[in-house]
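# Survey of secondary and tertiary structure
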Amino acid sequence: MRAVRALAPDVALPEGLTRGEDLLRTVAVRSAQVEGDAWSVVVAAHFRSAAPGAEGDGDSGSDVRYFAVPVTSSAVEGAGRFTVTGVPAQVAGPGKAKVAASPFGTLLPGQGALAVSLGELFDAYLVGVGEVGRYLAPGADLSPVRGSGYRSVAVGEVRADSEVADGAVPADGTEVRVRAEVTAVDGGGGQWPLEYELSMRSRSGRWEVSGLRAGAAAPARSAVAGGAAK
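Procedures and definitions
Residues numbered from 1 in each chain as written. Predicted model: local features only at pLDDT ≥ 70, side-chain atom pairs only at ≥ 80, totals over all residues. Heavy atoms only, no water. Core = buried A, V, L, I, M, F, W, Y, C linked by side-chain atoms within 4.5 Å. Buried < 20%, exposed > 50% of the residue type's maximum accessible area, 1.4 Å probe, protein only. Helix = DSSP H or I, 4+ residues; strand = E, 2+ residues; numbered from the N terminus. Polar contact = N/O pair within 3.5 Å; in protein donor to acceptor, adjacent residues only side chain to side chain. Phe/Tyr/Trp six-rings, centres within 6.5 Å; stacked < 30°, edge-to-face > 60°. Lys NZ or Arg CZ within 6 Å of the ring centre and 35° of its normal. pLDDT = per-residue confidence, 0-100. Contact = heavy atoms within 4.5 Å. Expected span 1.5 Å × (residues − 1). Pairing = 2+ DSSP bridges.

## Focus on the nonpolar core
By size, the foremost hydrophobic cluster in this structure holds 29 residues, and its most contacted members are Leu114, Leu118, Phe122, Val178, Leu198 and Met200. Breaking this core down by element, the ones donating at least two residues are α2 (113–127), β7 (150–160), β8 (174–186), β9 (191–203) and β10 (206–213). Looking at this core, the element that brings in the most residues is α2, giving 8 residues. If you look at the next biggest cluster of nonpolar residues, it comprises 5 residues, including Val11, Val41, Val71 and Val84.

Structure (structure tokens):
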């Protein structure tokens, strides 16, 4: 309570909360500058509630509520300072954003040349079996993951943004982007679902990795002819 008072000295705080209701955690999910140093920060508050039938996140006995908090910020000697300037307003939670159609519309065969190359790559990249460099296109740079604890990996569904990857390896310099689903197994038998987006380039009858992206969609389409690794 003292920490709250330090940030919000003139703001009324909740009183008479339902017994058995506990705040588990809070997360700031959005902020918007209103004017000058004034901001509106939307905070998600996750409660454990003993009240039956509470509207929440679908978990039994839990409740997520969203509050818009007025905040003023200032910088003093390089350090940021914040003050809550008004009583929070409970607001509706965020809706689902529209997701663009995936560019990866071509499902590749599991025993095809590209999928096999990816299996060997991820053995080296995640497990440490062999050298990553042998699977990279000239100019590409990719450091292996150290200390992952994975004992094995299996490549599942692989999709490409062009049909050029479905079949025999095409002419040298042909490029394609792919999305690969990977399951990594740790020492205790735990399975970790992972997903990667990669740029692949053909050379000497095989596919090589020219770039790897994790956690973001690949915007570029496939093309023919070489270029610098991305």
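Let's pick the thread back up.
## Some points on the side chain of Arg201
Looking at the element boundaries, Arg201 is found in strand β9. A distance of 2.9 Å separates a polar atom in the side chain of Arg201 from a polar atom in the side chain of Glu175.

## Brief notes about the environment of Phe104
Along the polypeptide, Phe104 turns up in the loop between β5 (89–91) and β6 (106–107). For Phe104, a relative accessible area of 5% corresponds to the buried category. As a C-alpha pair, Phe104 and Glu163 span 59 residues in sequence and 9.8 Å in three-dimensional space.

## With respect to the packing of aromatic side chains
Considering all chains together, one arrives at 4 aromatic pairs under this definition. With a centroid separation of 5.0 Å and 40° between ring planes, the pair formed by Phe122 and Tyr196 is classed as tilted. With a gap of 74 residues between them, Phe122 in helix α2 and Tyr196 in strand β9 connect regions that are remote in the sequence. Across this residue pair, the class does not change: Phe122 and Tyr196 are buried. An aromatic cluster of three or more residues is present, and its members are Phe122, Tyr125 and Tyr196. The ring centre of Phe47 lies 4.4 Å from the NZ or CZ of Arg65, which sits over that ring.

## Notes on the confidence of the model for the protein chain
One rule of thumb: low pLDDT means the predicted coordinates there are not for detailed reading. With 77% of its residues at a pLDDT of 70 or more, the protein chain shows a mean pLDDT of 82. The low-confidence segment residues 54–59 (pLDDT under 50) makes 8 contacts with residues lying over four places distant or belonging to another chain. Long-range and interchain partners of residues 218–230, a stretch whose pLDDT sits below 50, account for 38 contacts in this model, where long-range means more than four residues apart.

## Focus: α2
Helix length check: α2, at 15 residues, gives a terminal C-alpha distance of 21 Å against a target of 21 Å (1.5 Å per residue), a fit within 8%. Among the residues of α2, those classed as buried are Leu114, Ala115, Ser117, Leu118, Gly119, Leu121, Phe122, Ala124, Tyr125 and Leu126. In this structure, the buried side of α2 is in contact with β7, β8, β9 and β10. In the stretch just after α2, Gly128 is the one whose phi turns positive, near 95°.

## Regarding the environment of Ser74
Tracing the chain through its elements places Ser74 in strand β3 (residues 62–76). Take Ser74: its relative accessible area is 36%, and that puts it in the partly exposed class. Distance in space between the C-alpha atoms of Ser74 and Asp37 is 6.8 Å, their sequence separation being 37 residues.

## Regarding the pairing of strand β1 (residues 22–35)
Taken together, the 11 bridges between β1 and strand β2 (residues 38–48) define a ladder with antiparallel strand orientation. In the sheet register, Leu23 faces β2, and the bridge partner there is Phe47. Adjacent in sequence and paired antiparallel, β1 and β2 are bridged by 2 residues, among which Gly36 carries a positive phi angle near 60°.

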